[in-house]
Amino acid sequence: PGMPLVPDLSGVRQDVAWWSFHSTNCWPHGGSGPFIDGRDVLDDHMDMHVCERECLSKPECEAVVWHDTKDAVRGNCFLRQQVKLWECKHDMQAFNLRLLNRDPDARGPPGAWRAFSSTRCAEGHGGLPVAGKAPVHDHKLLRQCMHLCNEDSECNAIVLQDTRDGSTNNCYLLRSLILAECATDDPSFNLWLRPVFRTLPPSGGAGGAPSPSLSVAAASVGVSSAVHFDCDAGLAQAALGWSSMKKDWCCQHFHRGCRGQSPSPSPSPS
């Protein structure tokens, strides 16, 4: 009772958004520009939110690659700039890409999962688990946990814990959640939302099959199956205000924001 039919993201202010692709790695001449500050991987093993903070401190950073090293020793955080998603490698299994959206008008790429670091949604803490699958058995990579969610007719989100041992159960499937009520006190837990939410039965309770229809509520978190970015928003300031990825995408698809191109004047009101 009281649990929304689809994940509720209201009540939590987000200054930026992170969009995630599993099994994806980018490097110079393989989907990204030169190493930031000449460094490939940062020192030490980091929790996800620390890796994100490192990226946010660099104006040129557009994404992080996070490596599930299954230990607490090896460096696992890679900062990336000038990202071209279509040129990245998408079968890297233990590597996961998180695109940074500093532009509040930009939309997430199709197929991307919205990601929240240091967030644990569980029963009694803002989450409605999928029965018997919170956690699922065995240690899972992000791609494996996402696959289990995609295959489950009730799943709308996952929580994955960085247990740093490669053996402990770490994948939790969720039917729904209230983000403002989820716990944020353990940085080893991270939340991902499916690109399109499945609606729950009106009761929101266990028992009874979920509706087969897909909810358009995904639009509330910026998911679009048709476009990556809003190529009109901020066009006048594209040279300085748009990320390299947005410039490349809008130039390729709509010939807007191309490097060296002057913005088209806005049409006069009739």
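Above this text is the structure in question.
Below you will find a few notes about this structure.

About the thresholds
- Residues numbered from 1 in each chain as written.
- Predicted model: local features only at pLDDT ≥ 70, side-chain atom pairs only at ≥ 80, totals over all residues.
- Heavy atoms only, no water.
- Buried < 20%, exposed > 50% of the residue type's maximum accessible area, 1.4 Å probe, protein only.
- Helix = DSSP H or I, 4+ residues; strand = E, 2+ residues; numbered from the N terminus.
- Contact = heavy atoms within 4.5 Å.
- Pairing = 2+ DSSP bridges.
- Phe/Tyr/Trp six-rings, centres within 6.5 Å; stacked < 30°, edge-to-face > 60°.
- Lys NZ or Arg CZ within 6 Å of the ring centre and 35° of its normal.

### Considering helix H1 (residues 48-56)
Two residues of an α-helix separated by three or four positions point the same way, owing to the 3.6 residues in each turn.
No. 1: Of the residues making up H1, those classed as buried are Met48, Val50, Cys51, Glu52 and Cys55.
No. 2: Of the surrounding secondary structure, the elements contacted by the buried residues of H1 are strand S1 (17-21), strand S4 (63-67), strand S5 (77-80), strand S6 (95-101) and strand S11 (189-193).

### Some words on the pairing of strand S9 (residues 157-161)
No. 1: Of all five residues making up S9, five are buried, and the element is well covered by its neighbours.
No. 2: In S9, alternate side chains face the same way, and those of Ala157, Val159 and Gln161 on one face and Ile158 and Leu160 on the other are all buried.
No. 3: Bridging between S9 and strand S10 (residues 171-177) involves four bridges; their strand directions are antiparallel. For Ala157, the partnering residue across the bridge sits in S10 and is Leu174.
No. 4: Sheet topology places S9 next to S11; five bridges connect them, and they run antiparallel. Note on S11: the bridge partner recorded for Val159 is Leu191.

### Side note on the packing of aromatic side chains
No. 1: Evaluation of the coordinates by the stated rule reveals two aromatic pairs.
No. 2: Taking NZ or CZ as reference, Arg114 lies 5.5 Å from the ring centre of Trp19, over its face.
No. 3: Looking at Arg120, its charged tip hangs above the ring of Phe189, at a distance of 5.6 Å from the centre.

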